[in-house]
Amino acid sequence: MTVCPAGAYCGAGAATPTLCAAGKYNPNTGGAASSACTTCTAGNYCPGTGNTKMTVCPAGAYCGAGATTPTLCPAGKYNSKTGQTSSSACLTCPAGYYCPTTGTVNPILCKAGTYCAAGASAEKACSAGYYNSQTGQSACTKCTAGNYCPGTGNTKMTICPAGYYCSLTAATACSAGKYNSKTGQTTSSACITCPAGH
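Residues numbered from 1 in each chain as written. Predicted model: local features only at pLDDT ≥ 70, side-chain atom pairs only at ≥ 80, totals over all residues. Heavy atoms only, no water.

J.: I would appreciate a short explanation of the overall build of the protein chain in the present structure.
T.: Of the regular secondary structure elements, the protein chain holds 0 helices and 22 strands. Along the first, second and third principal axes, the C-alpha atoms of the protein chain reach 115 × 25 × 15 Å. Buried residues in the protein chain amount to 28% of all 198 residues. If you take every contact in the protein chain between residues at least 6 apart in sequence, the share linking residues at least 24 apart comes to 33%. When the accessible surface of the protein chain is split by element, carbon and sulfur atoms take 54% of a total near 10,600 Å². (Helix = DSSP H or I, 4+ residues; strand = E, 2+ residues; numbered from the N terminus. Buried < 20%, exposed > 50% of the residue type's maximum accessible area, 1.4 Å probe, protein only. Contact = heavy atoms within 4.5 Å. Areas by Shrake-Rupley, 256 points an atom, 1.4 Å probe, with all protein chains shown as cover.)

Listed below in structure tokens is the structure:
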């Protein structure tokens, strides 16, 4: 007679071993009934059939009792620890960071010029008129008068140059026949009519 192998059980008169089902395992030889196959404990998983041991649930996921595969944390959440047992192990990505994919292990710091609210799965570029000079921010800062922040994703304000006046999003040149020798101007009234002879 041959001893029934680990990962299986052999009933009386069995010609071949019956493999333990997915989600179960048997580390011992000589199993005589299906009860020899033990349900995988929470925090582990048992893929396929014929498992002789449990596999620890990886970071970025959780595994309930009897799991056949890890359940990945959704985008916007993360889990940096192995052996977790429930969805509560998937933590909301903190503000200033983003968790872009399912199974995120460590949150990613948001770049300058972007912001990330709590639970973000992607960075968002600062809107025109706003900027962000630092990484890991949850909001962008509004450009101050006399400066402008054109387009999106600004990492700094740009001072309104001489010869122009600026809204928070754009610089407009003084019209022909007018000039402005000062920086940081905000209205068209800063553009003065050129004196005679100029």
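Having seen the model, we can carry on.
J.: Could you clarify how one ought to interpret the nonpolar core in this entry?
T.: In this structure, Tyr45, Cys57, Ala61, Cys63 and Ala67 together form the largest nonpolar core, which totals 5 residues. Ignoring anything within four residues of it in the chain, the contact list for tyrosine 45 reads Cys40, Met54, Thr55, Val56, Cys57, Pro58, Cys63, Ala67, Thr68, Thr69 and Pro70. (Core = buried A, V, L, I, M, F, W, Y, C linked by side-chain atoms within 4.5 Å.)

J.: Before we go on, may I ask you to explain the state of the cysteines in this structure?
T.: Two cysteines joined by a covalent bond between their sulfur atoms form a disulfide. Applying the stated rule across the entire model yields 11 disulfides. Here cysteine 160 is linked by a disulfide to cysteine 166, with a sulfur-sulfur distance of 1.9 Å. One disulfide, between cysteine 160 and cysteine 166, carries an S-S torsion of 85° and so falls in the right-handed class. Each member of the pair, cysteine 160 together with cysteine 166, is buried. (Disulfide = S-S within 2.5 Å.)

J.: When you look at the side chain of asparagine 180 in this model, what are you seeing that I'm missing?
T.: Here asparagine 180 shows up in the loop between β21 (178–179) and β22 (192–193). Accessibility expressed as a relative area gives 7% for asparagine 180, which makes it buried. One polar contact links the side chain of asparagine 180 to the main-chain amide nitrogen of lysine 182, over a distance of 2.9 Å. Those residues in contact with asparagine 180 that sit more than four places away from it in its chain are Ala162, Gly163, Tyr164, Cys174, Gln185, Ala190 and Cys191. (Polar contact = N/O pair within 3.5 Å; in protein donor to acceptor, adjacent residues only side chain to side chain.)

J.: In this structure, what is going on with the pattern of salt bridges? I would like to understand it.
T.: Two side chains of opposite charge can pair, provided their charged atoms sit close to one another. Across all of its chains, the model carries 1 salt bridge by this definition. Residue glutamate 123 pairs with lysine 111 through a salt bridge whose shortest N-O separation is 2.7 Å. Placement of the pair is glutamate 123 in the loop between β13 (114–115) and β14 (124–125) and lysine 111 in the loop between β12 (108–109) and β13, with a sequence separation of 12 residues. Lysine 111 sits in the partly exposed class, given a relative accessible area of 48%. (Salt bridge = Lys/Arg side-chain N within 4 Å of Asp/Glu carboxyl O.)

J.: So what exactly am I meant to see when it comes to the environment of serine 138 here?
T.: By the secondary structure assignment, serine 138 is in the loop between β15 (130–131) and β16 (141–142). Spatially, the C-alpha atom of serine 138 lies 35 Å from that of alanine 42, the residues being 96 residues apart in sequence. Excluding anything up to four places from it in sequence, serine 138 contacts Ala95, Gly96, Tyr115 and Cys116.

J.: How should the environment of glycine 177 be read in this particular structure?
T.: Assignment of secondary structure puts glycine 177 in the loop between β20 (171–173) and β21. Considered as a pair, glycine 177 and valine 56 are 121 residues apart in the sequence and their alpha carbons are 76 Å apart. Not counting residues up to four positions away in its chain, the partners in contact with glycine 177 are Ile192, Thr193 and Cys194.

J.: Honestly, the environment of glycine 11 in this entry has me stumped. Any pointers?
T.: In this structure, glycine 11 sits in the loop between β1 (8–9) and β2 (18–19). The spatial distance from the C-alpha of glycine 11 to the C-alpha of isoleucine 192 is 101 Å, given a sequence separation of 181 residues.

J.: Just checking my understanding: could you explain the side chain of asparagine 44 for this structure?
T.: Tracing the chain through its elements places asparagine 44 in strand β5 (residues 44–45). Of note is the side chain of asparagine 44, whose polar atom sits 3.1 Å from the side chain of threonine 41. Beyond its immediate chain neighbours, meaning those up to four positions away, asparagine 44 contacts Met54, Thr55, Val56, Cys57, Cys63, Gly64 and Ala67.

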